[in-house]
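What follows is each chain in one-letter form.
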Amino acid sequence: MTIQEKFDLKGRVAVVTGGGGQLGAEFCKTLAEAGASVVVVDLNVSASQAAADSLTGSGYKALAIPTNITQPDEVDALVRRTLSTFGRLDILVNSAALDPKFDPDAVNKGITPGAFEDYPLDLWNSALSVNLTGMFLMTQACVRPMIEQGKKGSIINICSTYGLNGPDQRIYIKDGQRVAFKPVYYTVTKAGVMGFTKYLAAYYAGTDIRVNALTPGGVFNNHEDYFVKNYSAKTIMGRMAHKDEMNGALLFLASDASSYMTGNNVVVDGGWTAW
């Protein structure tokens, strides 16, 4: 098999959660360009449809299935529709996760946005539900057809550098003033993603179902200048990532190019975790 053939995904079907998001849409495009049929899964109906329409408009095979991944019935329905449309399921990218959004009324309440001491229980529970339980439900449902297809498939869980290291809260200081904290749930749930990844890889030992993690560093998304400066100073490469710079690693993990890799983590962070 040539190296080009190892990266070829023709005939395979990929499901991407959070497929309407900044990175999720990039992942969908990458998999489609490599030959896969792509199912775009997102809670946001318009975002999932827009991502799928963009792919089909370019001649690729794609289907939008808006789904609340915390609801077992909706997850099962999306897998059934995937199979009825494309006939198989080979790749799952667990990219959906709550972004660290702070209580919009925090300042009026006298709470520093994201501060641990006052962090609301409902936001903690919501994050656990999406970032971990949603990943559990999606993987549980998608792995069944992989088993039926000969115990072969690739599952890719999107982690974060904040799941490997504690957040440096100093980068959320603007003009000498604290403007935010990275909330507690983000590190806890992303660390859980790594545990989930290693558990599943070990569980499916002896099969060709591979489970790996992809850990992006900070990706620029119209951040304020103070944040870009603070973040970039902590990376060896001296900048934030461009949104397409995770795509090569994603394709590597999804394809036969990584056929001897499972239970591991590919970190693409510009050197953030290296010093």
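Worth saying up front: this structure is predicted, and the values here are computed from it rather than measured.

Our focus in this paragraph is a nonpolar patch on the surface. A cluster of nonpolar side chains, Ile236, Met237 and Trp275, forms an exposed patch at the surface whose accessible area comes to about 400 Å². With respect to the helices and strands, the residue Met237 is situated in the loop between α7 (225-232) and α8 (247-254).

At a minimum axis separation of 9 Å, helix α4 (residues 72-86) and helix α5 (residues 121-148) run at an interaxial angle of 30 degrees. Taken as axis vectors, α4 and α5 run roughly parallel relative to one another. As for the relative orientation of α4 and α5, their crossing is right-handed in sense. Facing Pro72, Val75, Asp76, Leu78, Val79 and Leu83 of α4, the residues of α5 in contact are Leu137, Met138, Ala141, Cys142, Arg144 and Pro145. A breakdown of the residues in the contact of α4 with α5 according to their chemical character gives ten nonpolar, no polar and two charged.

Let's shift gears to the side chain of Asp168. Mapped onto the elements, Asp168 comes out in the loop between β5 (152-158) and β6 (173-174). By relative accessible area, which is 14% here, Asp168 ends up buried. Within polar-contact distance, the side chain of Asp168 engages the side chain of Arg170 at 2.8 Å. Here Lys234 takes part through its side chain, which lies 3.2 Å from a polar atom of the side chain of Asp168. For Asp168, the residues in contact, after removing those within four places along its chain, are Tyr162 and Lys234.

So, about the pairing of strand β3 (residues 62-66). With four of five residues buried, β3 lies mostly within the body of the structure. Note: strand β2 (residues 37-42) against β3, five bridges, orientation parallel. Note on β3: the bridge partner recorded for Val39 is Leu63. Once you follow β2 into helix α3 (residues 45-57) and on to β3, the crossover reads as right-handed.

Ordered in space as β3-β2-β1-β4-β5-β8-β9, the seven strands form an open sheet in which the pairing is parallel. Every interior strand has two partners, whereas the edge strands, β3 and β9 (265-268), have only one. Neighbouring strand axes in the sheet, compared pairwise and without regard to direction, differ in orientation by 15 degrees on average. Contacting β1 (13-17), β2, β4 (91-94), β5 and β8 (208-216), helix α2 (residues 22-33) crosses the sheet at an angle of about 175 degrees to β1.

Ranked by size, the top nonpolar core spans 32 residues in total, and within it Phe27, Leu31, Val38, Val93, Ile156 and Leu214 carry the most contacts. Looking at this core, the elements that each hand over two or more residues are β1, α2, β2, α3, β3, β4, β5 and α8. In this structure, Ile65, Met138, Val143 and Ala201 belong to the second largest nonpolar core, which totals 31 residues.

Further remarks concern the pairing of β1. It is a general feature of regular strands that their side chains alternate between the two faces of the sheet. Buried residues dominate β1, accounting for five of its five residues. Burial along β1 is two-sided: Val13, Val15 and Thr17 and Ala14 and Val16, pointing in opposite directions, are all buried. Sheet topology note: the β1/β2 ladder contains five bridges and is parallel. Paired with Thr17 across the bridge in β2 is Val41.

Definitions and limits used
- Numbers given for residues are sequential positions, taken from 1 along each chain in its written order.
- Since the coordinates come from a predicted model, pLDDT governs what is reported: local features require at least 70, and pairs of side-chain atoms require 80 or more to be given and counted, while whole-chain, interface and lining totals use all residues.
- Based on all heavy atoms of the structure, the side-chain values leave hydrogens and waters out of the count.
- Patch members must show over 30% relative accessible area and no salt bridge, and they are joined within 9 Å when carrying like charges or within 5 Å when they are nonpolar side chains of Val, Leu, Ile, Met, Phe, Trp or Tyr.
- Working definition of accessibility: Shrake-Rupley area with a 1.4 Å probe, residue cover restricted to the visible protein chains.
- What counts as a salt bridge is simple: a side-chain nitrogen of Lys or Arg found within 4 Å of a carboxyl oxygen of Asp or Glu.
- Numbering of helices and strands runs from the N terminus; a helix is a DSSP stretch of H or I covering at least four residues, while a strand is a stretch of E covering at least two.
- Only the stretch in contact is used when a helix axis is fitted, and all axes are lines through C-alpha atoms; the angle between N-to-C directions ranges over 0 to 180 degrees.
- We call two directions roughly parallel when the angle between them is under 35 degrees, roughly antiparallel when it is over 145, roughly perpendicular when it lies between 65 and 115, and oblique otherwise.
- Each helix crossing is assigned a hand: it is left-handed if the near helix lies turned anticlockwise from the far helix by less than a right angle, otherwise right-handed if that turn is clockwise.
- Every residue pair with non-hydrogen atoms within 4.5 Å of one another is taken to be in contact.
- Gly falls in the polar group here, along with every residue not listed as nonpolar (Ala, Val, Leu, Ile, Met, Phe, Trp, Tyr, Cys, Pro) or charged (Asp, Glu, Lys, Arg).
- To sort residues, take the accessible area from a 1.4 Å probe on protein chains only and compare it with the maximum for the residue type: under 20% means buried, over 50% means exposed, and anything in between is partly exposed.
- Nitrogen and oxygen atoms within 3.5 Å of one another constitute a polar contact, given that in protein one can donate a hydrogen and the other can accept it, and given that sequence-neighbouring residues count only through two side-chain atoms.
- Strand pairing is assigned whenever DSSP detects at least two bridges linking the two strands.
- Orient the strands so they point away from the viewer; a crossover is then right-handed if the path from the first strand over the helix to the second runs clockwise.
- Nonpolar cores are built from buried Ala, Val, Leu, Ile, Met, Phe, Trp, Tyr and Cys residues. Side-chain atoms within 4.5 Å join them into one set.

Everything listed here is a matter of coordinates, which is why it stays silent on function.
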